[in-house]
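# Per-entry structural report
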Amino acid sequence: MRMIHTSDWHLGRAFHQVGLHAAQSAFLDSLVEVVRSESVDAVLVSGDVYDRALPAPDTVALLSDAVERLIDAGAAVVLSSGNHDSAIRLGFASRLLERSGLHIRTSLDDVGRPVMVGDVAVHPLPYLEPSLTAGPLGASERTHAGVLRAAMARVRSSLAEGRHERSVVMAHAFVTGGATSESERDIAVGGVAAVPPEVFDGVDYAALGHLHGRQEVAEGQRYSGSPVAMSFSEASHTKGSWLVDLSSDKPVVDFVEAPVERPLALLRGTLDELLTDSQHASAESAWCQVTLTDPVRPLGAMERLRARFPHTLDLRFAPTGEVTTMSAYAGSLTERSDLAVCCDFLGHVRGGHAADDDERALIEEAVEGARLRRAGSDGEVATRSARGSGAA
């Protein structure tokens, strides 16, 4: 049996307010081609199919089209719910859909009921929130490890009753030893998050989901990672899926890279360095996170950066040297003339760029005009008061 292990599609996700629909669609196109070219028997998606419980219509249509094409290419499709999915909505009509080769497992009732792909028993475990599932599962402790141990007890009981050549379990969890990234939602609420690898002992392969970087946490236990990057912390990741062959005594695993719509780049330096240094040429077509180290914040930094790096999405500042602080500026208010205070304020809000001669002259004119208007206003009030007194 040959299967694709993938997870964390997060369909409908945005990356720094840029929609990922096109990138996700390209990945699904490539997945269909891999199923055809590699004669894949099953595609396993270990949770977080959608990015939110209520996906948009175009997101639902994207999944529907992908599943149809994968099944037409010859593979069974097995989906399990993750912590981002709505188990009820994702699992709608699941029993009916099984007849067409789409197996969706989102409920406790399905834990221990395998999906048979040839002589391989695939046990998809939905994301199990400890506070909701510990009691029904009869878990000894209300933690992620506790509920998964109880779920695996059902899996082992099912495997003991059947005569299966190979077995696979799908789980959406944080397994001890896994490396995290910034784009994963914390699942610690409801109990201790970490699950020891030995929880999944007894199966040939554990197809894990939740962590977005591909990795092997124990022998036969792997995360596929997300097929599309969703944070700049994933800039060093190689995205894709695991192609797993269970025909021999031990699983034979190869990594199939996903297409990259646009690479990620992390840039750091002064604005002038970044705009002129030729070593950053490759970042001109990448999504960029830029950290500027200028002692003072440059004027129009984002606009100037985007002139060279048009896909800059995240701008940060880590200034070097001395920088005028708000407290220093505030402390000088009583020690300077009105004109000096206004000029200092302009420099402060512009990151240290002081007013030039023309700006200083304009500010001086405004300050003087304000002084004269204030004087006139004070005089008018006084006159009214005097008139009022006289009338009385």
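For the structure, see preceding data.
Residues numbered from 1 in each chain as written. Predicted model: local features only at pLDDT ≥ 70, side-chain atom pairs only at ≥ 80, totals over all residues. Heavy atoms only, no water.

### Brief notes about the packing of helix 5 (residues 130–137) against helix 6 (residues 144–161)
Working note: a packed helix pair is described by the angle between its axes plus the distance between those axes. Two elements in contact, helix 5 and helix 6, have axes whose closest approach is 9 Å; the angle formed by their N-to-C orientations is 40°. When the axis of helix 5 is compared with that of helix 6, the two are oblique. Note that helix 5 runs across helix 6; the crossing there is left-handed. Contacts from Pro 130, Thr 133, Ala 134, Pro 136 and Leu 137 of helix 5 reach helix 6 at His 144, Val 147, Ala 150 and Arg 154. A breakdown of the residues in the contact of helix 5 with helix 6 according to their chemical character gives six nonpolar, two polar and one charged. (Axes fitted to C-alpha atoms, helices over the stretch in contact; angles between N-to-C directions. Helix = DSSP H or I, 4+ residues; strand = E, 2+ residues; numbered from the N terminus. Parallel < 35°, antiparallel > 145°, perpendicular 65-115°, else oblique. Left-handed = near helix turned anticlockwise from the far one by under 90°. Contact = heavy atoms within 4.5 Å. Nonpolar A, V, L, I, M, F, W, Y, C, P; charged D, E, K, R; others polar.)

### Some thoughts on the sheet that holds strand 18 (residues 287–292)
Sheet architecture is open: three strands sit in the order 17-18-19, paired in parallel fashion. The sheet is open, and its two borders are formed by strand 17 (264–269) and strand 19 (312–317), each paired with just one other strand. In this sheet, neighbouring strand axes are inclined to one another by 15° on average, regardless of whether the strands run parallel or antiparallel. In the sheet, strand 17 pairs with strand 18 via six bridges, with the strands oriented parallel. Residue pairing in the sheet places Leu 267 in a bridge with Val 290 of strand 18. In this fold helix 8 (residues 301–308) packs onto strand 18 and strand 19, with an angle of close to 135° to the strand it touches most, strand 19. (Pairing = 2+ DSSP bridges.)

### Focus: the sheet that holds strand 8 (residues 120–124)
On the basis of which strands lie adjacent, the open sheet formed by six strands has the order 7-8-9-12-14-13 and mixed pairing. Strand pairing shows two members of the sheet lacking a second neighbour, strand 7 (115–117) and strand 13 (215–218), which therefore form its edges. Adjacent strand axes in the sheet meet at a mean angle of 25° when their direction is disregarded. Where strand 13 meets strand 14 (residues 221–223), three bridges bridge the pair, whose relative direction is antiparallel. Bridging across to strand 14, Gln 215 finds its partner in Tyr 223. In this fold helix 6 packs onto strand 8 and strand 9 (166–172), with an angle of close to 160° to the strand it touches most, strand 8.

### Re the pattern of salt bridges
Applying the stated criterion across every chain yields a total of 17 salt bridges. A salt bridge links Asp 51 to Arg 13; the shortest N-O distance between them is 2.9 Å. On the criterion of sequence distance, the pair formed by Asp 51 in the loop between strand 4 (42–46) and helix 2 (57–72) and Arg 13 in the loop between strand 1 (2–6) and strand 2 (14–15) is long-range, its members being 38 residues apart. There is no split in this pair, since Asp 51 and Arg 13 are both buried. Arg 69 serves as the salt-bridge partner of Asp 29, at 2.8 Å between the closest nitrogen and oxygen. (Salt bridge = Lys/Arg side-chain N within 4 Å of Asp/Glu carboxyl O. Buried < 20%, exposed > 50% of the residue type's maximum accessible area, 1.4 Å probe, protein only.)

### Let's talk about the side chain of Asp 51
For Asp 51, a relative accessible area of 10% puts it in the buried group. Reaching out from Asp 51, the side chain makes a polar contact with the side chain of Arg 13 at a distance of 2.9 Å. In this structure Asp 51 touches His 10, Leu 11, Gly 12, Arg 13, His 84 and Arg 185, once residues within four positions along its chain are discounted. (Polar contact = N/O pair within 3.5 Å; in protein donor to acceptor, adjacent residues only side chain to side chain.)

### Quick look at the nonpolar core
Counting residues in each nonpolar core, the largest one holds 28 residues, and the members touching the most others are Trp 9, Leu 28, Leu 31, Val 43 and Leu 70. At the level of elements, helix 1 (21–37), strand 4, helix 2, strand 5 (76–80) and strand 6 (102–105) are the ones that each hand at least two residues to this core. With six residues, helix 1 is the largest single contributor of residues to this core. Ignoring anything within four residues of it in the chain, the contact list for Trp 9 reads Gln 24, Phe 27, Leu 28, Leu 31, Val 45, Asp 48, Val 49, Leu 63, Leu 70 and Pro 227. Grouped together as the second largest cluster of nonpolar side chains are 27 residues, Val 147, Val 195, Phe 200 and Leu 208 included. (Core = buried A, V, L, I, M, F, W, Y, C linked by side-chain atoms within 4.5 Å.)

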